[in-house]
Amino acid sequence: QVQLQESGGGLVQAGDSLRLSCAASARRFGSYAVGWFRQAPGKEREFVAAISANGARTAFAESVEGRLTISRDNAQNTVYLHLNSLKPEDTAVYYCAAGESVYWYYTKEHEYGYWGQGTQVTVSP
């Protein structure tokens, strides 16, 4: 069983930067790929970014690529998502998810078995 807890969300202004954290209680966190998804009001949940278990491989959605960085510290059981130049359209609940994977990552919701409760990010114009 893996428990995930997102943090770092809040109300910010357009152009600001924000760091989201995903803390895990996994026994062997280094064996799990981690993904970030977001869901805006009235919209479907969408993929944002992912990172492989050892951090060697990453993936980003076109809507955010170039404005974010994903990283992980397995010793601290934490994955970070750095968002820069935030836009109002980035407003959403951000979720992190974990899935067992040796070398790769997942980009689809059904590929992840564990989810956090989400953290709200609101970007004012």
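Every value quoted in this text rests on a predicted model; they were computed, and no experiment measured them.

K.L.:
I tried to follow the environment of Gln117 on my own but got confused; where do I start?
P.N.:
Tracing the sequence through the fold places Gln117 in the loop between strand 10 (114–115) and strand 11 (119–124). If sequence neighbours within four positions are ignored, Gln117 has contacts with Leu4, Glu6 and Tyr95.

K.L.:
Where do I start with the pairing of strand 1 (residues 4–7) in this structure?
P.N.:
Within a regular strand, the side chains alternate between the two sheet faces. The two faces of strand 1 differ: Leu4 and Glu6 on one face are buried, but Gln5 and Ser7 on the other face are not. In this structure, strand 1 lies alongside strand 3 (residues 18–24), joined through four bridges in antiparallel fashion. Across the sheet, Leu4 pairs through a bridge with Ala24, a residue of strand 3.

K.L.:
How do you make sense of the nonpolar core when you look at a structure like this?
P.N.:
Most often, soluble globular proteins have nonpolar side chains that are buried together. Residues Trp36, Val48, Val79, Leu81 and Tyr94 are the most contacted members of the largest nonpolar core, which totals 37 residues. Elements that contribute at least two residues to this core include exactly strand 3, strand 4 (32–39), strand 5 (46–51), strand 7 (68–73), strand 8 (78–83), strand 9 (92–100) and strand 11.

K.L.:
Which parts of the structure should I look at to understand the pattern of salt bridges?
P.N.:
A side chain with one charge can pair with a side chain of the opposite charge if their charged atoms come near. Inspection of the entire model under this criterion finds three salt bridges. Here Asp90 ties to Arg38 by a salt bridge, and the two come within 2.9 Å at their closest N and O atoms. Remark: Arg38 occurs in strand 4 and Asp90 occurs in the loop between strand 8 and strand 9; sequence separation between them is 52 residues. As far as burial versus exposure is concerned, Asp90 and Arg38 are alike and both buried. Residues Asp90 and Arg67 are paired through a salt bridge, measuring 2.9 Å at the closest nitrogen-oxygen approach.

K.L.:
Sorry if this is basic, but what is going on with the packing of aromatic side chains here?
P.N.:
The relative placement of two aromatic rings is captured by the distance of their centres and the angle of their planes. According to the stated counting rule, one finds seven aromatic pairs in the structure shown. With 6.3 Å between their ring centres and 80° between their planes, Tyr32 and Tyr114 make a pair best called edge-to-face. Here Tyr114 lies in strand 10 and Tyr32 lies in strand 4, a separation of 82 residues in the sequence. What makes Tyr32 buried here is its relative accessible area of 14%. Here Tyr114 falls in the partly exposed class, since its relative accessible area comes to 28%. Their ring planes at 15° and their centres at 4.9 Å tell us that Trp104 and Tyr105 sit as a pair that is stacked.

Definitions and limits used
Position numbers for residues count from 1 along each chain, tracking the sequence in the order it is written. Confidence filtering applies because this is a predicted model: local features only for residues at pLDDT of at least 70, side-chain atom pairs given and counted only at 80 or more, and all residues used for totals across whole chains, interfaces and linings. Values shown for side chains rest on all heavy atoms present in the structure; no hydrogens or waters enter the calculation. Helix and strand definitions follow DSSP, with helices as H or I runs of at least four residues and strands as E runs of at least two, each counted in order from the N terminus. Any two residues having at least one pair of non-hydrogen atoms within 4.5 Å are treated as being in contact. Exposure categories follow from relative accessible area, calculated using a 1.4 Å probe and restricted to protein chains: below 20% of the type maximum is buried, above 50% is exposed, and the middle band is partly exposed. Two strands pair under a simple rule: DSSP has to find at least two bridges between them. Put simply, buried Ala, Val, Leu, Ile, Met, Phe, Trp, Tyr and Cys residues joined by side-chain atoms within 4.5 Å make one nonpolar core. What counts as a salt bridge is simple: a side-chain nitrogen of Lys or Arg found within 4 Å of a carboxyl oxygen of Asp or Glu. Two aromatic rings, drawn from Phe, Tyr or Trp (for Trp, its six-membered ring), form a pair once their centres lie within 6.5 Å of each other, and the interplanar angle then sorts them: stacked below 30 degrees, edge-to-face above 60, tilted otherwise.

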